[in-house]
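Architecture and fold: a report
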Protein chains: 2
Amino acid sequence: MEITSLDNPKIKLLLKLNQSKYRKKEGLFIVEGAHLVKEAKNLNLLVEAYSVNDIDGYIKVTKEIMKKISNTDTIPTEVGLCKILENNKLSNKILILDAVQDPGNLGALMRSAKAFGFETIVLGEGCCDIYNDKVIRSSQGAIFKLSFIHANLVEFISNLKDYDIYGTDVVNGIDVNEIKEKNKIAIILGNEGNGVSQKVKELVKKNIYIPLNNTESLNVSVAGGIIMYVLKD
Amino acid sequence: MEITSLDNPKIKLLLKLNQSKYRKKEGLFIVEGAHLVKEAKNLNLLVEAYSVNDIDGYIKVTKEIMKKISNTDTIPTEVGLCKILENNKLSNKILILDAVQDPGNLGALMRSAKAFGFETIVLGEGCCDIYNDKVIRSSQGAIFKLSFIHANLVEFISNLKDYDIYGTDVVNGIDVNEIKEKNKIAIILGNEGNGVSQKVKELVKKNIYIPLNNTESLNVSVAGGIIMYVLKD
């Protein structure tokens, strides 16, 4: 049996999940493409899978419906409905994001965090929704393998004991290469335009910086990638 | 005097420059925002500047016209018409891009290249147009300070003497930290989905890789940033 109507309740739910508020309310999000559907299934996060083809265990939909569900230019053959699963697990290395807004940057940071062992990401107010379709696409599956904590950063940082906590700054601070104690470490990256916010800056005593030519600066996902690379185990 | 009509020849030219083919034909491109207009002026690349305000030396336009010229959601108060200036200068460190398609990645790579002294960028076929508005925005002015060469990569690499040329690969190759000879070096980064193309791979004997946890991979602008950071002077 194939779903052919946009009024089908299952499809109506999928379409609603394009909006952040419904993802939060339902505790569900969508992934696009066979690779991510399979990854979600392996991790027991898959609720239902949809395909334009006849695949055992998948709900078949028309191409027109798939086009409506999808947010990409090239329409996927499969999408998966997945559970949002959050936990408060703290890894030894933590990435704290202070209003990182661009979905591409957030997805790239997830890939680097996973690759370099920063397995917990803490998201302060003003960050892009992690279940945004562009974030999921650019995270390339890393989103399934990290712990996420949404928090008020001033509270979170104030209560974070036993960690070396570093802000990041374009010019002032300790050269990232000089950091010797890497065991329990938390790195704060700031907003694309404004950097780390004033109230977070006031809390944190130490800043990391990356030595650059002249007065240049780096894209936040690149800066975060370099810092996590240098501070990996 | 204020330009109020979209039929004004100057405005018609600006609107045409949203398309890559007209930028190439006219040798001109547009930058948005006071910061980039100023930077273009300092570098003698500014042909004309436009503003919604009365500024000495600027051509005044209505907000409606500025909205049409601009590609951003927040309409800038100023845009600049700039000359495309290319030269064939080869810096000691060269970044070679093999079909890097995403404008955000290309802009971020420019920032890193400038920050770490890779002052020549060679663009093979299939790369995003460097004068695309999103590239310019994400390059944060680095676009003005680099040399760009458009080339057939097989020809370019075959003729590049005296340089250590490295491809990049997710798993195989020399750990980037093991590279000791950094004087004249060229690094090739590949397409977001497919990596370095087969015909370029066949030409290049050595690959660099970044050690990662498990089978993860990095966003191309992050990988490029880390490699250029490690290989900077």
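Residues numbered from 1 in each chain as written. Chains lettered and ligands numbered in written order. Predicted model: local features only at pLDDT ≥ 70, side-chain atom pairs only at ≥ 80, totals over all residues. Heavy atoms only, no water.

**Focus: the domain arrangement of chain A**
All names here are of chain A. Stated precisely, the cut-off is as follows: Domain ranges listed in this record stem from an automatic or a database domain assignment. Working rule for contacts: check all heavy atoms of both residues, and any pair within 4.5 Å makes them a contact. Computed with a 1.4 Å rolling probe, the buried area is the accessible surface lost when two parts are put together, summed over both parts. Salt bridges are defined by distance alone: a side-chain nitrogen of Lys or Arg within 4 Å of a carboxyl oxygen of Asp or Glu. Whenever two N or O atoms come within 3.5 Å, that pair is a polar contact, provided that in protein one can donate a hydrogen and the other can accept it, and provided that, for residues adjacent in sequence, both atoms are side-chain atoms. Residues are grouped as follows: Ala, Val, Leu, Ile, Met, Phe, Trp, Tyr, Cys and Pro are nonpolar; Asp, Glu, Lys and Arg are charged; every other residue, Gly included, is polar.
Taken domain by domain, chain A comprises domain 1 (2-83) and domain 2 (93-231). If you average the C-alpha positions of domain 1 and of domain 2, the two centres end up 31 Å apart. The interface of domain 1 with domain 2 comprises 13 residues on the first partner and 10 residues on the second. Buried surface at the junction of domain 1 and domain 2, both sides included, amounts to about 1,000 Å², of which 67% is carbon and sulfur. By the criterion of area lost to domain 2, the three top residues of domain 1 are Arg23, Phe29 and Leu36, representing 40% of everything that side buries. Run the count over domain 1 and domain 2 and you get two salt bridges. Among the ionic pairs, aspartate 129 bridges to arginine 23, the shortest N-O distance being 2.6 Å. Across the domain 1-domain 2 interface, the total number found is four residue pairs in polar contact (both at pLDDT 80 or more). A breakdown of the residues in the side of domain 1 that touches domain 2 according to their chemical character gives eight nonpolar, three polar and two charged.

**Let's talk about the packing of helix α9 (residues 220-231) of chain A against helix α9 (residues 220-231) of chain B**
Two numbers describe a pair of packed helices, the interaxial angle and the distance between the axes. Quick note on the threshold: Axes, fitted as lines to C-alpha atoms, cover a helix only where it is in contact. Angles between the N-to-C directions of the axes lie from 0 to 180 degrees. Secondary structure is summarised from DSSP: a helix means a run of H or I of at least four residues, a strand means a run of E of at least two, and numbering begins at the N terminus for each. Throughout this description, any angle smaller than 35 degrees is read as roughly parallel, any larger than 145 degrees as roughly antiparallel, any in the 65 to 115 degree range as roughly perpendicular, and the remainder as oblique. Left-handed describes a crossing whose near helix is turned anticlockwise from the far helix through less than a right angle; right-handed describes the clockwise counterpart.
Taken N-terminus to C-terminus, the directions of α9 of chain A and α9 of chain B make an angle of 55°; their axes are 9 Å apart at the nearest point. Classified by the interaxial angle, the pair formed by α9 of chain A and α9 of chain B is oblique. Both α9 of chain A and α9 of chain B take part in a crossing whose hand is right-handed. Contacts from Ser221, Val222, Gly225, Ile226, Tyr229 and Val230 of chain A in α9 of chain A reach Ser221, Val222, Gly225, Ile226, Tyr229 and Val230 of chain B in α9 of chain B.

**Focus: the sheet that holds strand β12 (residues 206-209) of chain B**
Residue and element names in this part refer to chain B. Let me state the cut-off plainly: In this description, strands pair whenever DSSP reports at least two bridges between them.
Strand order across the open sheet formed by seven strands is β8-β7-β6-β11-β9-β12-β10, with parallel pairing between neighbours. Pairing within the sheet leaves two strands with one partner each, and these edge strands are β8 (147-150) and β10 (174-175). Packed on one face of the sheet, helix α5 (residues 103-115) meets β6 (93-97), β7 (120-123), β8 and β11 (185-189) and runs near 175° to β6. Across the sheet, α9 touches β6, β9 (164-168), β11 and β12, and the angle it forms with β11 is around 165°.

**A look at the relation of the copies chain B and chain A**
Which entries qualify depends on this criterion: When the copies are superposed, the least-squares fit draws on C-alpha atoms of residues that have pLDDT of at least 70 in both.
Superposition record for chain B on chain A: RMSD 0.0 Å, screw rotation 180°, translation along axis 0.0 Å. One copy is carried onto the other by what is essentially a two-fold rotation axis. The rotation axis passes nearest to the C-alpha of valine 222 of chain B in chain B, at a distance of 2.3 Å. Interface overlap between copies is the fraction of interface residues in one copy that are interface residues in the other; for chain B against chain A it reaches 100%, indicating a shared surface.

**Details of the pattern of salt bridges**
Spelled out, the test is: Any residue under 20% of the maximum accessible area for its type is buried, any over 50% is exposed, and the rest in between are partly exposed; the area is computed with a 1.4 Å probe on protein chains only.
Summed over the entire model, instances satisfying the criterion amount to 16 salt bridges over all chains. A salt bridge links aspartate 54 of chain A to lysine 60 of chain A; the nearest nitrogen and oxygen atoms lie 3.4 Å apart. Where lysine 206 of chain B meets aspartate 164 of chain B, a salt bridge forms, and the shortest distance between an N and an O atom there is 3.4 Å. Here lysine 206 of chain B, found in strand β12, pairs with aspartate 164 of chain B, found in strand β9; they are 42 residues apart in sequence, far enough to count as distant. On the basis of relative accessibility, which here comes to 31%, the residue lysine 206 of chain B falls in the partly exposed class.

**Brief notes about the side chain of threonine 120 of chain A**
Residues and elements named next belong to chain A. Looking at where threonine 120 falls in the secondary structure, it is placed in strand β7 (residues 120-123). Residue threonine 120 is classed as buried on the basis of its relative accessible area, which comes to 0%. A distance of 2.9 Å separates a polar side-chain atom of threonine 120 from the backbone oxygen of lysine 89. In this structure, threonine 120 is in contact with Lys89, Leu90, Ser91, Lys93, Ile94, Leu95, Ser147 and Ile149, ignoring residues within four places of it in sequence.

**Let's talk about the layout of surface pockets**
Residue and element names in this part refer to chain B. Going by this rule: Detection works on a 1 Å grid of protein atoms alone, calling trapped sets that fit a 1.4 Å probe cavities and calling open sets with protein on both sides within 12 Å along at least five of seven lines pockets, with lining residues defined by an atom within 4 Å of a point. Grid points are joined across faces, edges and corners, and a volume is the space filled by probe spheres set on the points.
Of the voids in this model, the second largest pocket is the one considered here, and its volume is about 260 Å³. Together, 15 residues line the second largest pocket, and Leu45, Leu85, Ile143, Phe144 and Leu146 are the ones closest to its centre. Looking at side-chain class alone, the lining of the second largest pocket contains 10 nonpolar, two polar and three charged residues. In this structure, the lining of the second largest pocket is formed jointly by two domains, domain 1 (2-83) and domain 2 (93-231), each of which donates at least three residues.

**A short note on the interface of chain B and chain A**
Facing 27 residues of chain B, the contacting portion of chain A comprises 27 residues. Between chain B and chain A, the buried area comes to about 2,100 Å², and carbon and sulfur atoms account for 54% of it. Our enumeration of links across chain B and chain A arrives at zero salt bridges. In this structure, the connection of chain B to chain A is made through nine residue pairs in polar contact (both at pLDDT 80 or more). For the side of chain B that touches chain A, the elements supplying multiple residues, two or more each, are α5 and α9 of chain B. Among the elements that take part in the side of chain B that touches chain A, α9 of chain B stands out by supplying six residues, more than any other. Residue composition of the side of chain B that touches chain A, grouped by class: 12 nonpolar, nine polar and six charged.

**Side note on unusual backbone geometry**
Comment: phi is negative for the bulk of residues other than glycine, and the bulk of peptide bonds are trans. All names here are of chain B. Of note, the phi angle at asparagine 44 is positive, near 60°, even though the residue is not glycine. Position of asparagine 44 among the secondary structure elements: in the loop between α3 (34-42) and β3 (46-51). Using a relative accessible area of 61% as the deciding quantity, one classes asparagine 44 as exposed. Positive phi outside glycine occurs at glutamine 140, with the angle close to 55°. Mapped onto the fold, glutamine 140 is located in the loop between α6 (133-139) and β8.

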